[in-house]
Structure formats: structure tokens, C-alpha cells
Amino acid sequence: RRRMRVLELYSGIGGMHYALIESNLSYQVVAAVDINTTANQVYTHNFPNTALLNKTIEGITLEEFNKLSFDMILMSPPCQPFTRIGLQRDLDDPRTKSFLHIVDLLPRLSKAPLYILLENVKGFEKSAISAPSTGPAEDAPPAPHICPSQDKSHTCPCSTQLKATLEVQKKQIQNSDLSVQQIQAFLEPQEDVHEPQHLLPPKTLLRYAQLLDIVRPSCRRSVCFTKGYRKYVEGTGSVLQCCLDTSVEDVFPSLDQCSEEEKVQRLLDLKLRYFTPREVANLMGFPQSFTFPESVSTKQQYRLLGNSLNVVVVAKLLQLLVTPELQHKDGRPH
């Protein structure tokens, strides 16, 4: 069976490449392309035999693409133009330039790829770049009236409380799913973790305690780790509770009645720490063989992992994409 020729665009630290390995498909990565020199350093460290082009994608000509003669494209275009917490400038964001270059070249290739797997954030699927708008439909429903609880400039206490309750219920359901491994399966041995450097400092605890997503080793969930982990608090990744003698439920409800000094001490007693880069990599499905060069700082490791993807999820998607049984009767892939 001929090995599938794969082109890896926006290759980063090699998440897509590891997903190919995990998928057990027969493949050859003909080239990887990225402009981030630190990411390329990590990629080469782990895949020294793969041709890596350190250049902009828009700098690759049609002729160069044709010479690579690939059957599949794997890519993770920049998400900043589409992310919900960004400006959502879509096509007006210069960071879409490289992806638009690919879109322009695809129909002109001498041999069209059989498969394309593209990873991006929620919001990409509604963007102009993936589904160009033709304007509002004639039978579009009228714009809804906005009541105070829907008005983003006005926070309704009731809706905030309901949202918090639903979030707690959601976490309870996730933690009760026995088909998912516990977080402790992804942790480094305690003797390998230099705990003091990973503990949350008092200043952070005092100011952001209510925004933290706190998990225990027995939990079966965490929030997504982003490149802002350890730099920002809310929505950038979970923190681990190391002292299990006290429960978060016992500490947080009474914090408002405590003095500042007592509040800090009660939070410190939980021994909350950040996950190490190795642990984040484990949670994202990277194998133990994946390592960072010594020259890459801890801060850079977090940023690079936050820009990567879940290896196991992408491996499953690749299997679904390529498995013959999942193709249409006329042979076209889904």
C-alpha cells in the first residue's frame, strides 16, 4: 500500500505529526512549514528527519506546492482573527493572509489533495473566510428585543448565579464519567515536580481566587490550556489542588467574611499549583518521547503548547477522514 504524502502547514511543535503517528495511517510527511523559529526548533528536535521549511506560507509558490505532490494537507491557521475573546476582524486581520494564499492556490494545483484537515477555534466556521456571507436572507426573522438579562452592558445577578450553578453541574457530570481517565494519570511523579516554583503566589490567590478553575488529581476534566497560561488567570487553564485534606467547597463560601491575612492563609492551605509543561503536554496527548530542547524556556514551552492541539482528538479525526468505510459510495471522502 502506497504511503500517503502529507503536507503539514503551520506545523508548530508537531502536534499534527504526532496525530499521524497515533492514527496508525501509512504516511510520509513530505514537508512541514512554519515561520515561528522557536516552534521550529522544537519540531526539528523531535522530528530531525522531516523537511522543515522556515518560511511564510504566502512565500511558497504554486510551482513549489506542485513539486511536493501531496495527498493530504494538515493545517492550523492562526486563530486570533476568529477567536471569541479577540477582535474578530476576520478577513481584515493580516494574519489571515497566509490562509487566503492557500485557498487561492488549491484550485490551481496540478493534483488536488484527497484530504484536508484544518484545526481552528470555535467561531472559524461562521467566519467570512470559511462561509462567505451573501447578505441577510429575505425571510430572515426580525432582530430580537433585548431584555436587561440579555444586554451585555448589564449583568443580571440572577443570570450570573444561574450560569454559575449550571457550570458546577456541568463539572460534576464530567467528573462522574468513568470512561475518562483521572488527572492523576497525567501528572509527573511528585519528586520530579519542583513544587515551590509552580505554586500560585499569595498576590494571585488574593486577587483572582474566584476566577480559578481548580481541579484535584481525582478529577476527570480540566479547561483548555492556552498560550496565556500562568500569564493570565481566567480561561487559560486549570490549576491543581495538592493538599487534599481541605475541600474547595469548605474554603470559598466563607472567604468574604475573612480578613485579608486569613483569606490568603486559607487559600495557601489548598496548595494550588500550576500544571508543569510536561503535564500539559500529557493532557494534550503528546507521547513521552516528545521533549523540549534545553534552550526553550518554561514560558516559551507554555506558549507553544497553548498554540498546539490535542493529539488524540486529531488522530481520531484522521482515522474518520481516511477510513474507506466512511466514504461516500462514489469514493469521495466526507
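The numbers attached to residues start from 1 for each chain and follow its sequence in the written order. Only residues with pLDDT of 70 or above have their local features reported here, since the model is predicted, and side-chain atom pairs are shown and tallied only from 80 upward, although totals for entire chains, interfaces and linings are computed over all residues. Excluding hydrogens and water, the side-chain figures rest on all heavy atoms present in the structure.

Engineer: How would you sum up the overall build of the chain? Please name residues and give values.
Structural biologist: Broken down by element type, the chain carries twelve helices and eight strands. With a 1.4 Å probe rolled over the protein chains alone, any residue whose accessible area is under 20% of its type maximum counts as buried; one over 50% counts as exposed, and the rest are partly exposed. Buried positions account for 40% of the 334 residues belonging to the chain. Look at the contacts in the chain between residues 6 or more apart in sequence, and 71% of them connect residues 24 or more apart. When the accessible surface of the chain is split by element, carbon and sulfur atoms take 53% of a total near 20,100 Å². Runs of E in the DSSP output that reach at least two residues are strands. Runs of H or I that reach at least four are helices, and both are numbered from the N terminus. Contact between two residues is taken to exist if any of their heavy atoms lie within 4.5 Å; hydrogens are not considered. For the accessible areas, the method is Shrake-Rupley and the probe is 1.4 Å, while residue cover comes only from the protein chains on display.

Engineer: Can you tell me about the sheet that holds strand β7 (residues 239–241), naming the residues and giving the values?
Structural biologist: Strand order in this open sheet of three strands is β6-β7-β8, and the pairing throughout is mixed. Of all strands in the sheet, those bounded by a partner on one side alone are β6 (214–215) and β8 (272–274). Only strands joined by at least two bridges in the DSSP assignment are considered to pair. Looking at chain direction, β7 and β8 are connected through three bridges and run antiparallel. From the neighbouring strand, Q241 faces β8, where its bridge partner is L272.

Engineer: Quick rundown of the state of the cysteines? Include the residues and the values.
Structural biologist: In what follows, a disulfide is any cysteine sulfur pair within 2.5 Å. Applying the stated rule across the entire model yields zero disulfides. With no disulfide of its own, C242 lies 8.8 Å from the sulfur of C243, the closest cysteine sulfur.

Engineer: Tell me what's going on with helix α4 (residues 97–105), and back it up with residues and numbers.
Structural biologist: When we look at burial in α4, the residues that qualify are S98, F99, H101, I102 and L105. Axial view of α4: buried residues confined to an arc of 155 degrees, hence all on one face. In this fold, the buried residues of α4 make contact with β1 (4–9), α3 (62–68), β4 (72–75) and β5 (115–118). Summarising the geometry, the arc corresponds to the directions from the helix axis toward the C-beta atoms.

In short, geometric facts, not functional conclusions.
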